[in-house]
Structure formats: structure tokens, C-alpha cells
Amino acid sequence: MRAEPCRTEQREQRIATCPLCEALCGVLVEVDGRRIREVRGDPDDPFSRGYICPKAAALADLHDDPDRIRTPLIRAGAEWREASWDEALERAAAGLDRVRRRHGRDAVALYYGNPVAHNLGLLTHGLAFRRAFGTRNVYSASSTDQLPQMLAALRMFGHLGLIPVPDVDRTDFFLIMGANPVVSNGSLMSAPDMRRRLGGIRQRGGRVVVVDPRRTQTAAVADEHLAIRPGADALLLAGMLHVIATEGWMRLGRFAGRVKRLDALTAFVRDLPPERVAGRTGIAPEAIRRLAAAFAHARRAACYGRVGLCTQRYGTLAAWLLQALNLVTGRLDEVGGVLLPTPAVDAVGILGRLGWRGTFDRWRSTARRLPEFSGELPVAGLADEIEHAGPGSVRALITVAGNPVLSAPNGRRLDRALGSLEHVVAIDPYLNETTRHAHVLLPPAPPLARPHYPLALGSFAVRNVAKYADAVIPRTGEQRHDWEILVELGGRALAPRPLRWLVIRAAAALRPERILDLLLRFGPYRLTLARLRAAPHGVDLGPLQPGRVAASIATADGRIDIAPEDFLREARDKLRAEEDRGAPDGLVLIGRRQLRSNNSWMHNSPRLVKGADRCVLLVHPDDAAPRQLLDGDLAVLESEAGTVTVAVEVIGAIRPGVVSLPHGWGHDRDGVRLRVARLHAGVSANDVTSERHLDTLSGNAAFNGLPVTVRRRS
Ligand code: SF4
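Residues numbered from 1 in each chain as written. Predicted model: local features only at pLDDT ≥ 70, side-chain atom pairs only at ≥ 80, totals over all residues.

A separate point is the site of the ligand. Taken together, Cys-18, Leu-20, Cys-21, Ala-23, Leu-24, Cys-25, Ile-52, Cys-53, Lys-55, Ala-56, Asn-185 and Pro-192 form the complete shell of residues around the ligand. When the residues that make up the shell around the ligand are grouped by side-chain class, the tally is 10 nonpolar, one polar and one charged. (Near = placed C-beta within 6 Å. Nonpolar A, V, L, I, M, F, W, Y, C, P; charged D, E, K, R; others polar.)

Okay, structure coming up:
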């Protein structure tokens, strides 16, 4: 951040990065004292070039939100009282210590929400905090999102972070599966202004093809939309690979000699010609053959899949076959294909060199027997781990920037389970649907009060860039950053009393900026924090380079495993049986991402929730008519897990047999202190999704493809 010439005596313009999502848009923030007056796109940002989405303007709402908690709170029965930091931290730590002594260290669970990935301090200090608690009950939003892609990367390339990014600015054929980047601006692919980038592909004479049960905003600007049946992406990819294998179109390019078990993959897909997968996928054999040929023969092509592809029953198999498609058509590690960025801080490389590449299934959760992934368990099993009696059950929880009651499957059950815990500590700026269960709430300083550097997200940017921004409005003396709270809480709860202050002071001296400076100095460009401060709009480090994947493969033998044993077994045993099952008889549910929403936590911004209610159920006219449903009618949506009543929108832009509800809504629970959100409460999709409907391999939540019924409310 640099102060530029004042426009008025009080107003100053500061240069920053929007911290709300993965797109990393540069913003100019006009401040007046400690108030935010305006947020605009920064035309001089080399990555986003002035683009912002509507959420950026709401940063002001977030900063000045009267409902944002500013003082630590301690619960006394149904009431909250304000407390000093010292009292609140002491109370929080004492409760955690008590539970650990009484029930053992696994009795304290940790939950990390999605905003952690955007928070420099939580990234520099979060891992040590987690390690210090030493609990096996660690959960995060990853298992409602990208776990299948991380598992596929671990098994194929030997490191959970080796997830190649589509080279969107140079590709000629962009195949998008279960993602809506025109709305998201990329996920595991930081790509601000995706609409312009997709337009660029078409201007170059290229093609964009979208595979999605819904005609999304991205599908609407694509050349072709294939409305797949939910949950069938892995079968579609297998059908495409069948065509490519049998037609002799496979070419491994730079990976020839570095891929093992290709014969096992080809043997598996041989039995899945387009004619056999057409019924289950809902895509005609000719269309599958045409798509496979177009992808294989395009000069440059990239296949990308995201949340819709992951959050289904065969999410890991889909993530695996997607990378296999890129690999066998010579798209991996090539310009215009899928590449690994070279970020200024190579977080993936550093972790790899430290021996932390990821782990899978070293242990299982106590109640559900769900597999561990890199020290975490799937959040779909958290309610079971709380509710089961006996050794290993969870008795206390620390949440960090998370709201699993609205974001995890069967949130209603989790809501009830949280109410039974002995001790809950929330590090969160809001009293929301989850943190209302806290016994102590520790509110961090707001996002614009902290420095920003995309430590994790640089590894997924579609161009190599580096940008550091100091706090727009530095925190006050009474405020604490999230990382400072972790340090104090961890020190008080875990360090022996005589050493407590020494430990806390030593950890606090390692400020995130210091760590960042060190990491930059040892990074591939040998940058420093001072150099980045001198270039406040950011530094363009050039396009993604081919060869990075080849240099980064971290498997024991240095070769890519294109058909991991456990994946292949699962595919043979279960996925192949799916193909005979044909279309589901009834309706199935899918989610959807919304431009003015960010999971569960932006609904208290007046400018983002204004206008017509957006928490509506999309229903195709063919499904609405027999149920006598008209636009605006209330319908009862029911699954094995629960029921909600929601307004419907009858719309042709969704596949018949599929209904869609966005997640993150449902703000009408007692005790929630979000006054704007309550006026636009909506319903929680996760009151309907099931904690039993999971990706078969990773345990990631399978929100999509859940059987449901819909009827008109009488
Ligand atoms: S796309 Fe929107 S929310 Fe995301 S970084 Fe850009 S402005 Fe912020």
C-alpha cells in the first residue's frame, strides 16, 4: 500500500488486493480516516487490469458492519457479555486445557473455514497451531470442496499441491467441467475477469465447451454446452478416454517414459465406449466422440474441472480422469494446456522440500471410519465424532473463520451436535449459525486491517504475478489479528505455565511479514518485501512456463502414476456398475455459485443482498408442470436428510430431472447476530444435503446428484 496524492484533505487512496476470493483483483480503496468511502478496480494492477466484481464494493460494508463483533465475548447461558482480551483468552484456553486433560488431546477438534486461504497470518501461523494441539480431529472446508483434486494430485504426481492450472490466455480449446468461472473468476485457478479471457479464446478462433447440468453464465458465453446428468463426469471422461485410446490418438509428449500403468488405464476405459456411458451421462455417443476428437486434435487444449466435478459421488475418479485426459493428449505442462505457475513464494515446492507432500488414509475417524487426508478428516463425519460416546469422541471445538453449520452436509444435525459440546471457541468476526454455539468468541481485526499476500493462491494464478499490500486501515491497539489470537490462545492453552509468556513472545516475534520476506528472498525470483512495497500495483513475472510439472513430480520413482491402484479398483468395482444404472428415476439436487455471494459470510452486506431474493430453487418447466409449480410458488424440497420450504424459479436453463439450490443461506436461526442477513435469510441447502452422500474415495461431501423430491407446498 502506498498513500497517493490526497483528493481532499481527509481522503486518501490506498492500493490493495481484494481478499474475498481467489481472483486476487487489485483495488483502489478510498479512505476517510478509518472509514472506507469507495472501492474501485485498480487499472494499473498487471493481473486484474481494473476488473472487480460486485463483491469488492461490499468490502466497505464488511469493514463498517455494525454487526461485526469488535470486542471478545463470553457466553453466560443464553446471553453474551463483553470481556477483555485477557479474560476471554484465559477462559478460552482454560476450557480447552480442561477438555484435553479430561478426555485426551483428540477430544479437541479444529475447524478451518475457507477464508483461511486468503489470510497471510493464518497461513504463516495456522499450521504450527494445529500441530501444537496434536489432535487427529482436524477439519476444514477442503472436504466440502477440493479434496478430490488434492487426492488425485497426491496419487498421480506425488504432492497434493501439484494441481496444474489451465493456460487460459493461450489455449485454443477450453473444456470446463462443473465450474462456472464467469461467476467465480476461477477456483484453483486465479483468473480475474474470466469473461474477457474466455472472449479472448473465441477471438483467437478457439472454442469453449462447458459440461454442466445447468446452463450457467459460463455456458451461456461458450460455443457449446453439454448438459450432463449430475454425478456422471467420471463416466464422460472415461468415454472420451476410450475414444482417444482406441483411435490411437494418445501422445504423452514430454512425459513419454515418465508415465506408469498406462496399459491399466487403457484396459479400464476399453470397456466404456461412448455408447455405454451415454445413458448415465445423458450425452449422446456422437457428442462424446466429437468432443474427444476436438479435444485431442485442437492445437492447444486444456480441461479444467472444479467444485461441481469434485462434490459428487465419484469426485476423485473424475478429478483423476480429467488429469489423465490432459496427460494422454499431450496437454500437461505445455503452453496453452495445463501448467504449474512459478509463484514468487513457491509454497508447494517449499512444503515438498520439507517432506510434506501429503498423506492419505494413515488413520480413520473413530465413529465413521472416514479416511485421513494430510492430517485432516472429512467434515461430513464431524457430527458423528461428536455424538458417539466413548474414547475418541470430540468434546471441544475451535473454529477459525468457518461456518460449517451452513457449509457442511446435514448442517442441521451438526448444529444440534455443536450444542452438546463442553467447550467451543470461535475465532470469527460474526455471531453466525456456527459461532452462536461458542462459549468464547474472539473477533479478529477486519480483512482490510491486515496485510495481504496470496501465499497459497499464487500457486494457482493463470499468470505469474507478485503483489504485497499493507493494511488499508491498520488495526487499532485493541484489535488482534487472527494469527495473534492463535499465538496467544495456543500459548495459554498448551505451554507449561512458567514458559507461557516466553513461548507467546517468541511466536509473536515471527510476524507474517517477516516470514514472507524470508520466503520471497529464497523464492525463484529472489524478491524482497521491500521490492514489492516499491511496486504497490504488483509485479508481472510473465506467463506460465512449460516444464514445471516435469521438474516437480514428487513420486518415489519420479514417474506419474496414471492409474493409481486404489482409484482403478474403485472405478472397476463401483463406477462401472453406475454405467448400467442409467438415469435416476426422480429428481436430483445440485448447488450453484452466485456472483453476489461468498459461501455463507457476505449476506450481511446491504449492497450484496438487495433486490430479488436469490435463494430460490431452480426447476425445469418439465418438472414444474406435473407438480403444478409456477414461478414464485413455495415448494417443499426433501431428501433423506431433511426438508426445507423454498420459493421456486421455473427456468429452462437447467436439465430436466435436476433442481438447483445455492448454499450459504439460512440465516434465521436463533442467536445469530446478522441483522441484514436475517432479513434475506433464505434456506440452507445443507439442511437437505446428506452427510452420508460422499465421494467414495476421499470422503469429500457429494452435494451434487443427491436424490430429492419436490412438491408444491399445500
Ligand atoms: S472476483 Fe470479486 S471478490 Fe473476487 S477478488 Fe475480484 S473483486 Fe474480489
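Still to come is the rest of the account.
Take the sheet that holds strand 26 (residues 643-650) next. Pairing within the closed barrel is mixed, and its six strands lie in the order 23-27-24-26-25-28. Taking each pair of neighbouring strands and ignoring which way they run, the sheet shows an average axis angle of 45°. In this sheet, strand 27 (residues 658-660) lies alongside strand 23 (residues 587-590) in parallel orientation, the contact comprising three bridges. Looking at strand 27, one finds that Ile-590 is bridged to Ser-660. (Pairing = 2+ DSSP bridges. Helix = DSSP H or I, 4+ residues; strand = E, 2+ residues; numbered from the N terminus. Axes fitted to C-alpha atoms, helices over the stretch in contact; angles between N-to-C directions.)

The subject of this paragraph is the domain arrangement of the protein. Under the domain assignment used here, the protein contains domain 1 (11-64), domain 2 (73-145 + 377-540), domain 3 (147-341 + 549-569) and domain 4 (584-712). Facing the nine residues of domain 1 at the interface are seven residues of domain 3. When grouped by side-chain class, the residues that make up the side of domain 1 that touches domain 3 number seven nonpolar, one polar and one charged. (Domains from an automatic or database assignment. Contact = placed C-beta atoms within 7 Å.)

Here the focus is the environment of Ala-471. As for its placement among the helices and strands, Ala-471 is situated in the loop between strand 20 (465-466) and helix 19 (482-494). Here the alpha-carbon distance between Ala-471 and Val-648, two residues 177 residues apart in the chain, equals 43 Å. Excluding anything up to four places from it in sequence, Ala-471 contacts Leu-448, Ala-449, Arg-450 and Pro-451.

On to the sheet that holds strand 1 (residues 11-17). The strand order 1-2-3 describes an open sheet built from three strands, whose pairing is antiparallel. Strand pairing shows two members of the sheet lacking a second neighbour, strand 1 and strand 3 (35-41), which therefore form its edges. Taken pair by pair, the neighbouring strands of this sheet meet at an average axis angle of 25°, ignoring direction. Pairing analysis gives six bridges linking strand 2 (residues 26-32) to strand 3, with the strands arranged antiparallel. Opposite Val-29, over in strand 3, you have Val-39 as the bridge partner.

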